[in-house]
Amino acid sequence: MRVEFAPLNIPLRRRLQTAAVLQWVFSFLALAQCCLAGFVLLALSDWWMVALLYAGWLWLDGDTPISGGRRVDWVRTWSVWNYFREYFPITLVKTVDLDPKKNYIFGFHPHGVLVAGAFGNFCTEATGFSRLFPGLRSHLLMLPFWFRVPVFRDYIMCGGLVSSSKSSLSYLVSRPSGGNVAVIAVGGAPEALDARPGALTLQVRNRKGFIKLALKHGAQLVPVFSFGENELFDQIQNPTGSSLRRLQSGSRSQWHKLPVPPARTSSLFMKFTWST
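Everything quoted here is computed from the prediction, not taken from an experiment.

Draft legend 1. Looking closely at the side chain of His-109. Turning to its location among the elements, His-109 is positioned in strand S2 (residues 104–109). On the accessibility criterion, His-109 (10% relative accessible area) is buried.

Printed below as a string of structure tokens:
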């Protein structure tokens, strides 16, 4: 395996773009663990009262992730997200006007490994979602597990993430005032295991509950395709039935977490070349 480091003369803006993506990857893969460890250490320290007060807040605020979340526009407009968008780059293409008096379910595909397209377009304003669709508020649905992690849950809700539970989706698409957009990665976390360049595997056979809820509440279904999502990572081969696939599937079923595939090479950090 060989690593070719980036040259020193890379423009500052490109370095800022890379730093923006790095912090996002860290948030996705390690921030929750750091928040949980920090909370435990706080509870065991002389500041245990702060941890106790926050635990009380968690109990009182427990239904927020299934009740529309708590978006903070200031967080969604951070400058770091503009650098994040420019790195790939990410562009949101509007093909039709949407009535802000109605509720919508955006069926997003493909999931990819880290759902970069869905995050950049619907959890930030870097690609201008609110400008393109005035009157609509986007909410990206995420596994309920993550909303049990102290502090991390509050951070991700700032971007518009909410629980992917049935009650959460029902809450969003049943609001009589309209204007809610629930974004669902149709294939779910298991689809990440098949996310590799050139592949477009859609796992939808046993994932039609969102369609039933749309019919029940009169929500509009909107297909969303993320071009290039699966090109970001070239993961290690993990065919169905292999030991690696069984390990990944087992960890997902037991821990209800995204089974992040081990990446052998990655175009996410384009200035680094890994070869075997």
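Picking up where we left off.
Draft legend 2. Examining a positive patch on the surface more closely. Together, Lys-166, Arg-205, Lys-208, Lys-212 and Lys-216 give the surface a local cluster of positive charge. Tracing the chain through its elements places Lys-208 in the loop between strand S5 (180–185) and helix H9 (209–217).

Draft legend 3. Region of the structure containing unusual backbone geometry. Pro-89 follows Phe-88 through a cis peptide bond whose omega is -5°. Among the secondary structure elements, Pro-89 is positioned in the loop between helix H4 (79–87) and S2. Going from His-109 to Pro-110, the amide bond is cis rather than trans, its omega being 0°. Topologically, Pro-110 is positioned in the loop between S2 and helix H5 (116–122). Of note, the phi angle at Val-115 is positive, near 55°, even though the residue is not glycine. Residue placement: Val-115 occurs in the loop between S2 and H5. At Val-151, a position not held by glycine, the phi torsion is positive, near 70°.

Draft legend 4. Representation of the packing of aromatic side chains. According to the stated counting rule, one finds 18 aromatic pairs in the structure shown. These aromatic residues form a ring-pair network of at least three members: Trp-24, Phe-28, Trp-74, Trp-78, Trp-81, Phe-84, Tyr-87, Phe-88, Phe-119 and Tyr-155. Stacked on the ring of Phe-133, the Lys or Arg Lys-94 has its end atom at 5.3 Å from the ring centre. Above the face of the Tyr-171 ring, Arg-175 is positioned so that its terminal group lies 4.0 Å from the ring centre.

What counts and what doesn't
Residues numbered from 1 in each chain as written. Predicted model: local features only at pLDDT ≥ 70, side-chain atom pairs only at ≥ 80, totals over all residues. Heavy atoms only, no water. Helix = DSSP H or I, 4+ residues; strand = E, 2+ residues; numbered from the N terminus. Buried < 20%, exposed > 50% of the residue type's maximum accessible area, 1.4 Å probe, protein only. Patch = residues over 30% accessible without salt bridge, like charges linked within 9 Å, V, L, I, M, F, W, Y side chains within 5 Å. Areas by Shrake-Rupley, 256 points an atom, 1.4 Å probe, with all protein chains shown as cover. Salt bridge = Lys/Arg side-chain N within 4 Å of Asp/Glu carboxyl O. Lys, Arg positive; Asp, Glu negative; His and termini not counted. Charge placed at Lys NZ, Arg CZ, Asp CG, Glu CD. Phe/Tyr/Trp six-rings, centres within 6.5 Å; stacked < 30°, edge-to-face > 60°. Lys NZ or Arg CZ within 6 Å of the ring centre and 35° of its normal.

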